Amino acid sequence: AQTVTQSQPEMSVQEAETVTLSCTYDTSENNYYLFWYKQPPSRQMILVIRQEAYKQQNATENRFSVNFQKAAKSFSLKISDSQLGDTAMYFCAFMKHAFIGTASKLTFGTGTRLQVTL
Amino acid sequence: DVKVTQSSRYLVKRTGEKVFLECVQDMDHENMFWYRQDPGLGLRLIYFSYDVKMKEKGDIPEGYSVSREKKERFSLILESASTNQTSMYLCASSHEVGTEAFFGQGTRLTVV
């Protein structure tokens, strides 16, 4: 079974600074997908960034980037130039590859609560 | 705009009641998921479905069942609600394996 571990329950960062959220996972699969989701106080879960395990290049989306270390099974999220609107719960998630028409779980970590301060 | 709609944002039920949580998506997605979210425990997968009438147990299926009679609708059923099922319930859907999952707004269920 796959597990996802987020070891930082809470973090705080000042506006305009950079922060890194850590995530490790355990799997015996070779093909899989990794995600970071954001859940602001409004509760609406939103995808931040996605990484395919077979791609060595780290994914980036504007101020958000990941450091994907496949051998170490690590998938950290870096937020640059933090903004007040980045205040949210951040969840790391894992899904193994499966063919269309078959099942694949989407497994989440316990989350990191990020507070951006002035 | 993609949309996953959960029938209620807040729900209060009595112990022993049969509870239905409904989820509808308008994106023709194959995959649908039900999670419960509790502080410090993150999102835990209850059941998921990859096609009409197909379902798979997640990590915590005990006390729950699901129904997927139509592609767009995935229902979570609490056969006999108990106080330890008080939680936030989130529904999600996705098109293909590995693609973005879209979430509903969540239903905060309180069992008294």
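Just above, that's the structure.
Throughout what follows, the structure given in this document is the object of discussion. (Residues numbered from 1 in each chain as written. Chains lettered and ligands numbered in written order. Predicted model: local features only at pLDDT ≥ 70, side-chain atom pairs only at ≥ 80, totals over all residues. Heavy atoms only, no water.)

1. Some remarks on the overall build of chain B
The line we're drawing: Helix and strand definitions here come from DSSP, where helices need a minimum of 4 consecutive H or I residues and strands a minimum of 2 consecutive E residues; each element is numbered from the N-terminal end. Partly exposed describes any residue whose relative accessible area lies between the buried limit of under 20% and the exposed limit of over 50%, with all areas from a 1.4 Å probe on protein chains only and scaled to the type maximum. We call two residues in contact when some of their heavy atoms are within 4.5 Å. Computed by Shrake-Rupley with a 1.4 Å probe, the accessible areas treat only the displayed protein chains as cover when residues are assessed. Under the counting rule used here, the positive set is Lys and Arg, the negative set is Asp and Glu, and His together with the chain ends is not counted. One atom stands in for each charge, and that atom is NZ of Lys, CZ of Arg, CG of Asp or CD of Glu.
The helix and strand tally for chain B stands at zero helices and 12 strands. From first element to last, N terminus to C terminus, chain B shows the α and β order β-β-β-β-β-β-β-β-β-β-β-β. Out of the 112 residues belonging to chain B, those deemed buried represent 50%. A separation threshold of at least 6 residues defines the contact pool for chain B, and within that pool the share at least 24 residues apart is 54%. Surface exposure of chain B reaches about 5,300 Å², of which carbon and sulfur atoms provide 49%. Measuring between centres, the 15 positive side-chain charges of chain B sit 8 Å from its 16 negative side-chain charges.

2. Focus: the packing of aromatic side chains
Quick note on the threshold: Each Phe, Tyr or Trp ring (for Trp, its six-membered ring) is paired with any other whose centre lies within 6.5 Å, and the angle between the two planes then decides the class: stacked below 30 degrees, edge-to-face above 60, tilted in between.
In total, this model carries 15 aromatic pairs over all chains according to the counting rule given. With a centroid separation of 5.4 Å and an interplanar angle of 65°, the aromatic rings of Tyr25 of chain A and Tyr32 of chain A are classed as edge-to-face. Look at Tyr25 of chain A and you get buried, because its relative accessible area is 5%. Summarising the aromatic geometry, the rings of Phe33 of chain B and Phe48 of chain B are spaced 6.1 Å apart at their centres and angled 15° between planes, so their arrangement reads as stacked. With Phe33 of chain B in strand E5 (residues 31–38) and Phe48 of chain B in strand E6 (residues 42–51), the pair connects residues that are 15 residues apart, well separated along the chain.

3. Describing the pairing of strand E10 (residues 87–94) of chain B
All names here are of chain B. Rules: Any two strands with at least two DSSP-identified bridges between them are counted as paired.
Most of E10 sits out of view: eight of its eight residues are buried. Neither face of E10 is exposed, since Ser87, Tyr89, Cys91 and Ser93 on one face and Met88, Leu90, Ala92 and Ser94 on the opposite face are all buried. In terms of strand pairing, E5 meets E10 through seven bridges, oriented antiparallel. Paired with Tyr35 across the two strands is Leu90, which belongs to E10.

4. Quick notes on the environment of Gly42 of chain B
Along the chain, Gly42 of chain B falls in strand E6. Once residues lying within four places of it in the same chain are set aside, the contact partners of Gly42 of chain B are Phe91, Gly109 and Thr110 of chain A together with Arg36 and Gln37 of chain B.

5. Digging into the interface of chain A and chain B
The cut-off we apply is this: Accessible surface is computed with a 1.4 Å probe, and the buried area is the amount of it that two parts give up when combined, taken over both parts together. By convention in these notes, a salt bridge is any Lys or Arg side-chain nitrogen within 4 Å of a carboxyl oxygen on Asp or Glu. By the criterion applied in these results, polar contacts are pairs of N or O atoms within 3.5 Å in which, for protein atoms, one can donate a hydrogen and the other can accept it, and in which residues neighboring in sequence qualify only through two side-chain atoms.
Residue-level contacts link 25 residues of chain A with 30 residues of chain B. When the two sides are added together, the surface that chain A and chain B hide from each other amounts to roughly 2,200 Å², 56% of it contributed by carbon and sulfur. At the junction of chain A and chain B, the tally comes to one salt bridge. Measuring nitrogen to oxygen at the nearest pair gives 2.8 Å for the salt bridge that ties Lys105 of chain A to Asp59 of chain B. Counting across the chain A and chain B interface gives eight residue pairs in polar contact (both at pLDDT 80 or more).

6. Some remarks on the state of the cysteines
Quick reminder of the rule: Cysteine sulfur atoms are paired as a disulfide whenever they fall within 2.5 Å.
Using the criterion set out here, one finds two disulfides over all chains in the structure. The disulfide that involves Cys23 of chain A links it to Cys92 of chain A, with 2.0 Å between the sulfurs. Across the disulfide from Cys23 of chain A to Cys92 of chain A, rotation about the S-S bond amounts to roughly -70°, and the bridge is consequently left-handed. One end of the pair, Cys23 of chain A, is in the loop between strand E3 (19–21) and strand E4 (24–26); the other, Cys92 of chain A, is in strand E10 (residues 88–96), with 69 residues separating them in the sequence. At a sulfur-sulfur separation of 1.9 Å, the disulfide partner of Cys23 of chain B is Cys91 of chain B. Handedness here is read from the sign of the S-S torsion; for Cys23 of chain B and Cys91 of chain B, about -75°, the answer is left-handed. Of the two residues, Cys23 of chain B sits in strand E4 (residues 23–25) while Cys91 of chain B sits in strand E10, which places them 68 residues apart along the sequence. The pair formed by Cys23 of chain B and Cys91 of chain B is uniform in burial state, with each residue classed as buried.

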